[in-house]
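Chain by chain, the residues run as shown.
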Amino acid sequence: MASLLLLTHFLCFTFTAIIPIFSPVSAEPAAKTYIFRVDSFSKPAIFPTHYHWYSSEFTEPVNILHVYDNVFHGFSASLSPSQAASILQHPSILATFEDRRRQLHTTRSPQFLGLRNQKGLWSESDYGSDVIVGVLDTGIWPERRSFSDLNLGPIPTRWKGVCQTGDKFTAKNCNRKIIGARFFSKGHEAAPGFGGIGGGGINDTVEFKSPRDADGHGTHTASTAAGRHAFSANMSGYASGIAKGVAPKARLAVYKVCWKNSGCFDSDILAAFDAAVSDGVDVISISIGGGDGISSPYYLDPIAIGAYGAVSRGVFVSSSAGNDGPNGMSVTNLAPWLTTVGAGTIDRNFPAEVILGDGRKLSGVSLYAGKPLNGKMYPIVYPGKSGVLSASLCMENSLDPHLVRGKIVICDRGSNPRVAKGMVVHKAGGVGMILANGVSNGEGLVGDAHLIPTCAVGANEGDAIKSYIASHPTASATINFHGTVIGVKPAPVVASFSGRGPNGLNPEILKPDLIAPGVNILAAWTDAVGPTGLDLDNRKAEFNILSGTSMACPHVSGAAALLKSAHPDWSPAAIRSAMMTTANRVDNRLQPMTDEATGKPATPYDYGAGHLNLDLALDPGLVYDLANEDYVSFLCAIEYGPKTIQVITKSPVNCPMKKPLPENLNYPSIAALFSTAAKGVSSKTFFRTVTNVGDTNAEYKVKIEAPKGVTVSVKPDKLVFSEKVRKLSYYVTITVDSKNLVLNDSGAEFGSLSWIDGNHVVRSPIVVTQMSPL
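Quantities reported herein were computed from a predicted structural model and do not represent experimental measurements. Residue indices follow the written sequence of each chain, beginning from 1 at its first position. Only residues with pLDDT of 70 or above have their local features reported here, since the model is predicted, and side-chain atom pairs are shown and tallied only from 80 upward, although totals for entire chains, interfaces and linings are computed over all residues. The side-chain values count all of the structure's non-hydrogen atoms but skip hydrogen atoms and water molecules.

A. Broad picture of the packing of aromatic side chains. Side-chain rings of Phe, Tyr and Trp (the six-membered ring for Trp) are treated as a pair once their centres are within 6.5 Å; stacked means planes under 30 degrees apart, edge-to-face means over 60, and tilted covers the remaining angles. Evaluation of the coordinates by the stated rule reveals 19 aromatic pairs. Pairing tyrosine 238 with phenylalanine 350 gives two aromatic rings, centres 5.7 Å apart and planes at 90 degrees, and the pair type is edge-to-face. Note that tyrosine 238 is positioned in strand β9 (residues 238-243) and phenylalanine 350 in the loop between β17 (348-349) and β18 (351-356), a separation of 112 residues in sequence. Each member of the pair, tyrosine 238 together with phenylalanine 350, is buried. A connected cluster of aromatic rings, assembled from ring pairs, spans Tyr298, Tyr299, Tyr308, Trp337, Tyr631, Phe634 and Tyr640. In this analysis the charged atom, NZ for Lys or CZ for Arg, is taken to sit over a ring once it is within 6 Å of the ring centre and within 35 degrees of the ring normal. When the ring centre of phenylalanine 72 is taken as origin, the NZ or CZ atom of arginine 37, which lies over that ring, is 5.5 Å away. Segments assigned H or I by DSSP are reported as helices when at least four residues long, segments assigned E as strands when at least two residues long, and all are numbered from the N terminus. The buried label applies to any residue whose accessible area, calculated with a 1.4 Å probe on protein chains only, is under 20% of its type's maximum; exposed applies above 50%, and partly exposed to all values in between.

B. View of helix α19 (residues 642-649). Here α19 has its buried residues at Ile645, Gln646, Val647, Ile648 and Thr649. By definition, residues are in contact when any of their heavy atoms lie within 4.5 Å. Where the residues of α19 are buried, they touch β1 (32-38), β4 (93-98), α9 (302-311) and α18 (628-637). Remark: lysine 650 follows α19 within two positions and exhibits a positive phi of approximately 75 degrees.

C. Layout of the sheet that holds strand β31 (residues 681-692). Two strands pair if DSSP finds at least two bridges between them. Pairing is antiparallel across the open sheet formed by four strands, whose spatial order is β29-β31-β35-β33. The open sheet is flanked by β29 (622-623) and β33 (710-715), the only strands paired with a single partner.

D. Summary view of the pattern of salt bridges. Any carboxyl oxygen of Asp or Glu that lies within 4 Å of a side-chain nitrogen of Lys or Arg is treated as forming a salt bridge with it. A full pass over the atoms with the stated rule returns 24 salt bridges. Here lysine 32 makes a salt bridge to glutamate 98, at a shortest N to O gap of 3.5 Å. Placement of the pair is lysine 32 in strand β1 and glutamate 98 in strand β4, with a sequence separation of 66 residues. The salt bridge involving aspartate 149 is made with arginine 176; its shortest N-O contact spans 3.8 Å. Residue aspartate 149 is located in the loop between β6 (132-137) and β7 (178-183), and its partner arginine 176 is located in the loop between β6 and β7; the two are separated by 27 residues in the primary sequence. Salt bridges sharing partners connect three or more residues here, namely Arg102, Asp266 and Asp301.

E. How the structure looks around the domain arrangement of the protein. In this entry, domain limits derive from an automatic or database-based domain assignment. Considered domain by domain, the protein is made up of domain 1 (32-98), domain 2 (108-347 + 491-618), domain 3 (351-483), domain 4 (627-663) and domain 5 (666-769). Computed over C-alpha atoms only, the centres of domain 2 and domain 5 are separated by 31 Å. Counting from both sides, the interface comprises 21 residues of domain 2 and, opposite them, 18 residues of domain 5. When two parts are brought into contact, each loses some accessible area as probed by a 1.4 Å sphere; the total of that loss over both is the buried area. Taking both partners together, domain 2 and domain 5 bury about 1,600 Å²; carbon and sulfur atoms supply 62% of that area. Together, Thr581, Arg585 and Tyr605 form the three largest contributors to the area buried by domain 2 at its contact with domain 5, with a combined 36%. Where domain 2 touches domain 5, the interface holds one salt bridge.

Right under this line is the structure:
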């Protein structure tokens, strides 16, 4: 039923998302930014460039914001709906969509991924020194030690980018590490309520109109992917050690597309993709996604369109899976050419505990570094017992000072930022805060650099504290902080917030692809704001600790840089395959990974193929490769027409007479969908091709872990490679009997298929589920 509801929602969205520019209106509405996809082959020869053509034929006298030439052919412009309607009638316009606002998906992790100094991927790739990573984010704070170019060689000669100067950013801020920097603001400045009508442009009191980072997010993600070794790194004493990115010698190209307090706009994101590919990046890292819970079809999604243009030119694109977990079907960035990354924990934690007046000790986490409570007991109060939601959430101006003054206050998690709740408590006279998870967050905890003594606790602990208050009129408590602990078990655990499958657009493609470290990650920070990001936080921090799939994504971007350096001939699909087929499904107890939200075993809907393991990805044995025509075949299979596909691919395409099957895309995972209406025995057969990237003469045998109540057969069950035979194909047949198939709580059963040669285990997850017919 969930799949049926999703598909219905998707169909509704497909039609309502098309701009309603033909509706009659009594007065001309305000201008909006529109992105136009143009059939570039229609350009008359008289025009020397596409810009000249667009300027004279489409938008006179309106100024064009961006012209797209590399990943996409077209332009964006600020227009009234009637102007947009007029342009849409032109025969060369393939599609148009409104600009949309997107959201950011917000040291020890390299070792946790299996990277070692003396051997393995770091040494094989020279730490990624010849690879260029493009980061689409909030910019960079270039003075940080993480971006030193000490002992780096010359900039790769293929680099064609620039160091764009602007507010407090000069050409000297680029070096042999930060080899390029640009900023994109035209879409932001044209948006009503932000930069455009009623917005007033870039707010230079809190922002820099340049690549300089006023938010911190971009500096953090850039240093996570490719930060240099920085000794004595810490955040207010927490997580002390040597900070380093996954690819410490990789070069950085910075594309500022997101702006403090106002997000990121599609027209600017697409322009950054266009520039990055033209500049010559090898990897693009984009920790950005939809902020409305809706996944657009690929032809209406500029991230998917821009990423396709990049991948088709050999650029690996890593994207974040979103932070709307643990709800099912919450994963974002679903295009099969994107590598979609969820978040897991690492074996480091920042424990704190709440000690109640009756002697009970309840565990939590905190990054509070101010004056401790020193064991002093304070009255404790829960404003939410009044039934007022804003008070339970500690929203601005919701707390009664007479109720909370001199007390520790319980605030429920949700709605406003976690650290902002503490400031609300402080303003009302409270001395400390207990931040309690609700059912949706379960026991998943992240550390925050709170400005008042605060301990975050899971839903069970929160309920226990609330019960204690309800039964004790003189309830009291204190909070203790215990610094940094490493060697935590179990780890990794799937973060409760990490976006979960199934794939809401095409459940035949498993998303997320894999998970990587994304909880309590130490990385470089901006000087423009304190570690909480609050206006009242005047602290300066060279490093900050953040959590989110935003932090997981650059781990995979850095990993891709290392793999690209070690294997320059590998395609983006081959790099992703190497990561997926070698990923871990077990934690550091050698037990199945668990889900932080429930404490139960996690599934491929939570972690995709598993947790990134770079110790094995360097030599995966076999890879599942994909070319542009494979993605085109997939788009034909999901019933996109040639003109719709051209919106994504730039070039005209012809779909075959016999429609392909979307599940036959040569992906490193297999998702079998069966109709709930089918009775008795049903079968589906899948086709896959593997390429040998290991020993020339190798023989692999299949190993099957069949999902419960499912039969899986593979033909042939042995693959023999030689100098002349590098690619071999096989068929997988999955058979279910409706009488025996009992799906688990997630609506699916899970298994795996592995090819084993004695040195390699090339594993693909198998998902079997049912969906209701339309």
